[in-house]
Amino acid sequence: GENVEQHPSTLSVQEGDSAVIKCTYSDSASNYFPWYKQELGKGPQLIIDIRSNVGEKKDQRIAVTLNKTAKHFSLHITETQPEDSAVYFCAASIPGGFQKLVFGTGTRLLVSP
Amino acid sequence: EAQVTQNPRYLITVTGKKLTVTCSQNMNHEYMSWYRQDPGLGLRQIYYSMNVEVTDKGDVPEGYKVSRKEKRNFPLILESPSPNQTSLYFCASTPIRTLENLGGANVLTFGAGSRLTVL
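Bear in mind the structure is a predicted one, so any value in this text is a computation, not a measurement.

Q: I would appreciate a short explanation of the overall build of chain B in the present structure.
A: When its secondary structure is counted, chain B shows 1 helix and 11 strands. The order of α-helices and β-strands along chain B, N terminus first, is β-β-β-β-β-β-β-β-β-α-β-β. Expected size for 119 residues packed as a compact globule is a radius of gyration near 14 Å; at 14 Å, chain B falls within 12% of this value. With respect to the three principal axes, the spread of C-alpha positions in chain B is 45 × 30 × 25 Å. Per-residue burial over chain B gives 50% buried out of 119 residues. Contacts spanning at least 24 positions in sequence make up 55% of the contacts within chain B whose residues lie at least 6 apart. Accessible area for chain B stands at about 5,700 Å²; split by element, carbon and sulfur atoms hold 51% of it. Each charge sign in chain B was given a centre, from 13 positive and 10 negative side chains, and these centres are 7 Å apart.

This is how it looks when you write it as structure tokens:
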């Protein structure tokens, strides 16, 4: 079945720096790749997603890139701010069913002022 | 406000004492799901429901039960909790619409989580 690996598990950056979180997936038929942000004491919330017919998507300071050949996708956060500190989860869809997602193990991002 | 509401948010219980974690959504979503979050393991699906009276097992269903008698509610039942069910639980929902156009997946709306400790 689908397996999603996420790295790094912890990432510390200085405010204003860029942060990159990488995920790899195993099933080449996966076609939907969301990123969720989980702030302390809250549930995960979608911040950006990408479908397999697109190579890159941007939304202000965040962007996601997808390399279908290599089966990996990445989250890029530019000009990081302390409020970006959270746990980030990537996920990949399992083809053939509705809303079947396999989540990565999460990355704890800490942005220091 | 559109939201998924879970209760209780925190619970400490003992082995074998039945408990129910409630989940309710006010967005008229057909799909609801339960996940557990454990360190180093990410989010794993326990059970899901495509609509009223339709439920199915996720990846880690052992020790759990669910029911979907109403569209808005999807309670998670632990008949005989054990310490290995100590975890952070999330309920989530999403509408089922235009699956073909959306590639079979929608944005999930999560509840705030229920932290369960079984002693």
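Q: What is the right way to look at empty space enclosed by the protein in this model?
A: Gaps left between atoms show up when a probe the size of a water molecule is rolled over them. Residues and elements named next belong to chain B. Scanning the entire structure with this criterion turns up 1 cavity of 30 Å³ or more. A volume near 30 Å³ is recorded for the largest cavity. With 3 residues, the top contributor of residues to the lining of the largest cavity is strand E11 (residues 114–118).

Q: Hey, could you run me through the interface of chain B and chain A in this one?
A: By a widespread convention, an interface's size corresponds to the accessible area lost as its parts come together. Every contact between the two is made by 27 residues of chain B and, on the other side, 20 residues of chain A. Both faces considered, chain B and chain A share a buried interface measuring about 1,900 Å² in area, 58% of it formed by carbon and sulfur atoms. Connecting chain B to chain A are 0 salt bridges. For the pair chain B and chain A, the interface holds 4 residue pairs in polar contact (both at pLDDT 80 or more). Put simply, the parts of the chain that give the side of chain B that touches chain A at least two residues each are strand E4 (31–38), strand E5 (42–51), strand E9 (87–94) and helix H1 (99–102) of chain B.

Q: I would appreciate a short explanation of the sheet that holds strand E3 (residues 19–25) of chain B in the present structure.
A: Within a sheet, adjacent strands bond to each other through the backbone by hydrogen bonds, running parallel or antiparallel. Residue and element names in this part refer to chain B. If you trace the 4 strands from one edge of the open sheet to the other, you get E1-E3-E8-E7, paired in antiparallel fashion. Where the open sheet ends on each side, the last strands, each with one partner, are strand E1 (4–7) and strand E7 (65–66). Pairing of E1 with E3 involves 4 bridges; the strand directions are antiparallel. Looking at E3, one finds that Gln-6 is bridged to Cys-23.

Q: Just checking my understanding: could you explain the layout of surface pockets for this structure?
A: Taken as a whole, the largest pocket holds about 620 Å³ of empty space. Every residue lining the largest pocket is counted, 30 residues in all, and those nearest its centre are Gln38(A), Val87(A), Arg108(A), Gln37(B) and Leu88(B). Counting only elements with at least two residues in the lining of the largest pocket, the list comes to strand E9 (86–93) and strand E11 (107–112) of chain A together with E4 and E9 of chain B. The greatest single-element share of the lining of the largest pocket, amounting to 4 residues, is contributed by E11(A). Of the residues in the lining of the largest pocket, the class split is 11 nonpolar, 13 polar and 6 charged. Estimated volume of the second largest pocket: approximately 370 Å³.

What counts as what
- Residues numbered from 1 in each chain as written.
- Chains lettered and ligands numbered in written order.
- Predicted model: local features only at pLDDT ≥ 70, side-chain atom pairs only at ≥ 80, totals over all residues.
- Heavy atoms only, no water.
- Helix = DSSP H or I, 4+ residues; strand = E, 2+ residues; numbered from the N terminus.
- Rg over C-alpha atoms; globule rule 2.2 N^0.38 Å.
- Buried < 20%, exposed > 50% of the residue type's maximum accessible area, 1.4 Å probe, protein only.
- Contact = heavy atoms within 4.5 Å.
- Areas by Shrake-Rupley, 256 points an atom, 1.4 Å probe, with all protein chains shown as cover.
- Lys, Arg positive; Asp, Glu negative; His and termini not counted.
- Charge placed at Lys NZ, Arg CZ, Asp CG, Glu CD.
- 1 Å grid on protein atoms, 1.4 Å probe; cavity = no way out; pocket = protein on both sides within 12 Å on 5 of 7 lines; lining within 4 Å.
- Points joined across faces, edges and corners; volume = space filled by probe spheres on them.
- Buried area = accessible area lost by both parts, 1.4 Å probe.
- Salt bridge = Lys/Arg side-chain N within 4 Å of Asp/Glu carboxyl O.
- Polar contact = N/O pair within 3.5 Å; in protein donor to acceptor, adjacent residues only side chain to side chain.
- Pairing = 2+ DSSP bridges.
- Nonpolar A, V, L, I, M, F, W, Y, C, P; charged D, E, K, R; others polar.

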